[in-house]
Amino acid sequence: MGCKNNSDIFNLLQLEISHSGHVFLDATWQCINARNPFSRLYYVKSGNGFLQSGSETTKMRGGYVYLIPADCEFSSGCEELEKIFFHISVTVPDQYDLFSKVGRVCSLPFSEEDYTTLLKCYLSGNYLDMLKMKMIIYQTIVSFADTYQFKRFPTKQYSDMVQKALIFIQQNTRINLSATQIATQQFVSESKLRKAFQDETGIPIGKYIDNLVYFKAKQMLGKKHLTIGDISNSLGFCDQFYFSRRFKEKCGLTPSEFRRSLLLP
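Residues numbered from 1 in each chain as written. Predicted model: local features only at pLDDT ≥ 70, side-chain atom pairs only at ≥ 80, totals over all residues. Heavy atoms only, no water.

(A) Local environment of the overall build of the chain. A tally of helices and strands in the chain yields 10 helices and 7 strands. Taking 18 Å as the expected radius of gyration for a compact globule of 265 residues, we find that the chain reaches 20 Å, a close match to that expectation. The principal-axis extent of the C-alpha atoms belonging to the chain is close to 60 × 55 × 40 Å. Counting across all 265 residues of the chain, residues that qualify as buried make up 46%. (Helix = DSSP H or I, 4+ residues; strand = E, 2+ residues; numbered from the N terminus. Rg over C-alpha atoms; globule rule 2.2 N^0.38 Å. Buried < 20%, exposed > 50% of the residue type's maximum accessible area, 1.4 Å probe, protein only.)

Structure, rendered in structure tokens:
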């Protein structure tokens, strides 16, 4: 009996933390109508604050963890607040981020004991503590998925050709990546690949690549150690000035302006 090998999908289902911190906030902290390419996790120990998305307002208080999904527009503020925060991306081959379609702020209880453990791991810098911290975050994500029934995003059943194309695009995301290159890599005709990709994903392969390039650019701008030149080179642009011009045309802000909007805790 054959056994389907899902190791490629497993390896691409990964958690990445682009920014994090342990902070004490006051009334000067506020965020208005933000929309980020990553999800935010707020583990709150004490204080009072709010998260507003659409017409729904969620009160923040100690003993809870809050998830603000990727691409969810929100505003926030507080009187005072102690929290550990993480900007995370959970990518899968057929979506830019696992939570990008959730569209609402979610919350779950998180005990003071668990907060103390998480903070100890976060401040440690020890490899094993970092691994334990990552496991806590993974468990938090799974708990949100179970509680809020994110299972409505099951793995889609794509043909082998389209699944391999999605994986190849994720692993080789560049502005100059073409359908011809992907078809050649699979030894199939370009027209066959284009038709199958459009039929199964609902989006032309060129548009999927283009959208993914700018989505990854937004994620990378959330990493303070990467220069705009680094990001431009990584994504295959001829130079950072062309990248900056194209980014502003696509996103409405320059890369520098967009970066400043991402780094709020």
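Let us keep going from here.
(B) Here's a closer look at the packing of helix α4 (residues 160-171) against helix α7 (residues 205-221). Where α4 contacts α7, the two axes come as close as 10 Å, and the packing angle between them is 35°. Where α4 crosses over α7, the handedness of that crossing is right-handed. Of α7, the residues touching α4 (which contributes Leu166, Ile169 and Gln170) are Ile205, Tyr208, Ile209, Leu212 and Lys216. Taken together, the residues of the contact of α4 with α7 break down into 6 nonpolar, 1 polar and 1 charged. (Axes fitted to C-alpha atoms, helices over the stretch in contact; angles between N-to-C directions. Left-handed = near helix turned anticlockwise from the far one by under 90°. Contact = heavy atoms within 4.5 Å. Nonpolar A, V, L, I, M, F, W, Y, C, P; charged D, E, K, R; others polar.)

(C) A look at the pattern of salt bridges. One pass over the structure, following the stated rule, counts 10 salt bridges. Between Glu16 and Lys223 there is a salt bridge, and its shortest N-O distance comes to 2.0 Å. Here Glu16, found in strand β1 (residues 14-26), pairs with Lys223, found in the loop between α7 and α8 (228-234); they are 207 residues apart in sequence, far enough to count as distant. Using a relative accessible area of 33% as the deciding quantity, one classes Glu16 as partly exposed. By relative accessible area, which is 16% here, Lys223 ends up buried. Linking Glu73 and Arg35 is a salt bridge whose minimum nitrogen-to-oxygen distance equals 3.3 Å. (Salt bridge = Lys/Arg side-chain N within 4 Å of Asp/Glu carboxyl O.)

(D) Expanded view of α7. The end-to-end C-alpha distance of α7, which contains 17 residues, comes to 24 Å, matching closely the 24 Å that a straight helix rising 1.5 Å per residue would cover. Taking burial as the measure, the 17 residues of α7 include 13 buried ones, the bulk of the element. (Expected span 1.5 Å × (residues − 1).)

(E) Structural context of the nonpolar core. With 34 residues, the main nonpolar core has Ile169, Ile182, Phe197, Ile205 and Ile231 as its most contacted residues. Elements supplying a minimum of two residues to this core: α4, α5 (179-186), α6 (190-201), α7, α8, α9 (240-251) and α10 (255-262). Ranked by residue count, the leading element in this core is α7, at 9 residues. Judged by nonpolar contacts, the second largest core, of 25 residues, contains Leu15, Ile84, Ile136 and Phe144. (Core = buried A, V, L, I, M, F, W, Y, C linked by side-chain atoms within 4.5 Å.)

(F) Quick peek at the packing of α5 against α6. It is at 9 Å that the axes of α5 and α6 come closest, and there the two elements cross at 105°. By the angle between their directions, the pair α5 and α6 is classed as roughly perpendicular. Between α5, through Ala179, Thr180, Ile182 and Ala183, and α6, the contact on the second element is made entirely by Glu190, Leu193 and Arg194. Residue composition of the contact of α5 with α6, grouped by class: 4 nonpolar, 1 polar and 2 charged. (Parallel < 35°, antiparallel > 145°, perpendicular 65-115°, else oblique.)

Interpretation in functional terms is not warranted from these geometric data alone.
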